[in-house]
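Survey of secondary and tertiary structure
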Amino acid sequence: MLDQATFIMVLIWLPVMFAVFLINLTGPARPAGSVRPKAAAQAGGAKRSASGQFVIRIGKDLLGILVRSGVTPNQVTLIGLLLVLLNCGLYLLHQDPFLFGTGLILSYVFDALDGLVARAQGTTSRFGGYLDAIVDRMQETATLCVVGVVSGLWLPAFLVITGSMMTSYNKARAAIEIPVANKGWPDFFNKASRQFFLCFALIATHALPWMLEVGLWILAAATYFTAFQRIARTWFLISAYESASDPSGRSANPGPSDQP
């Protein structure tokens, strides 16, 4: 049993590391005009493993195929949604958390390509960003619902769903009150962190049968912590905005605070 568990844990890390390498492709770009120091660039190149370069090259080749195929970023977003829903449907049939978690990782990696395709094609749009956010919520809800159905862990799954929705809504509602930078919210458990942690809990359940239940409770606590963290961040941002707008403390252009 020990050898089998060790073998399964090795299999767990293979898709995880593959996803990490591909997700690195979506890292923030350096500001225009900035120059990476030569020594730092050489050090980074020395540390990058041959396997990492191979995976990144595959990811770039796949991105190039998508860009040349003429597929639109919104189509990539919807394909990512279909892949997640397909994995959810299959999970209801085979009820194997390892297969479900592995399939979700690959689906989420594909879903992350929509922004890269949009930038490569020069077709970024406001509706594309909106659609991507809506699809993210649909994916997360569907995933946690089938986890609750198959595992019976409805309470922690429900708390993760509500905590995640609160986390997302807190930033969206703040954007109605004040100008908000989409990338300026470095909070504890954002969407990518939630996805990665849930996938890990699913595929680790083969070797650690208690991992899914414990992972869901940890995820529930982390999402609620992040939701309240964003409430606090919004309070500071609105206070700073109001102070800058009107030295007397009254906002020069108050938001529709009476809206739901």
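What counts and how
- Residues numbered from 1 in each chain as written.
- Predicted model: local features only at pLDDT ≥ 70, side-chain atom pairs only at ≥ 80, totals over all residues.
- Heavy atoms only, no water.
- Salt bridge = Lys/Arg side-chain N within 4 Å of Asp/Glu carboxyl O.
- Helix = DSSP H or I, 4+ residues; strand = E, 2+ residues; numbered from the N terminus.
- Buried < 20%, exposed > 50% of the residue type's maximum accessible area, 1.4 Å probe, protein only.
- Phe/Tyr/Trp six-rings, centres within 6.5 Å; stacked < 30°, edge-to-face > 60°.
- pLDDT = per-residue confidence, 0-100.
- Contact = heavy atoms within 4.5 Å.
- Axes fitted to C-alpha atoms, helices over the stretch in contact; angles between N-to-C directions.
- Parallel < 35°, antiparallel > 145°, perpendicular 65-115°, else oblique.
- Nonpolar A, V, L, I, M, F, W, Y, C, P; charged D, E, K, R; others polar.

Another point: the pattern of salt bridges. In the structure shown here, the tally under the stated rule is 3 salt bridges. The closest approach of N and O atoms between Lys-191 and Asp-136, which form a salt bridge, is 3.0 Å. Of this pair, Lys-191 sits in helix 9 (residues 191-204) while Asp-136 sits in helix 7 (residues 126-151); the two residues are 55 residues apart in sequence, bridging distant segments of the chain. We classify Lys-191 as partly exposed; its relative accessible area is 25%.

With that settled, the discussion passes to the packing of aromatic side chains. One pass over the structure, following the stated rule, counts 4 aromatic pairs. Considering the side-chain rings of Phe-127 and Tyr-130, the 6.0 Å spacing of their centres and the 35° angle between planes classify their relative orientation as tilted. With a gap of 3 residues between them, Phe-127 and Tyr-130 both fall in helix 7, about one helical turn apart. Relative accessible area serves as the criterion here: at 52%, Tyr-130 is assigned to the exposed category.

Per-chain confidence: the protein chain averages 76 in pLDDT, with 68% of residues scoring 70 or above. Contacts of residues 20-48 to residues separated by more than four positions or lying in other chains number 19 contacts, the stretch itself having pLDDT below 50. Low pLDDT, under 50, characterises residues 255-260; the stretch is placed with 10 contacts to residues that sit more than four places away or in other chains.

The next subject is the packing of helix 5 (residues 97-111) against helix 7. Between helix 5 and helix 7, the least distance of the axes is 13 Å, while the angle of their chain directions is 180°. Comparing their axes, helix 7 and helix 5 come out roughly antiparallel. Here Phe-100, Leu-104, Tyr-108 and Asp-111 of helix 5 come into contact with helix 7, specifically with Asp-132, Val-135, Asp-136, Gln-139, Thr-143, Val-146 and Val-147. Residue composition of the contact of helix 5 with helix 7, by class: 6 nonpolar, 2 polar and 3 charged.

A few words on unusual backbone geometry. For Gln-95, which is not glycine, the phi torsion reads 55° and is therefore positive. Relative to the assigned elements, Gln-95 resides in the loop between helix 4 (73-94) and helix 5. When its relative accessible area of 47% is taken as the criterion, Gln-95 is described as partly exposed.

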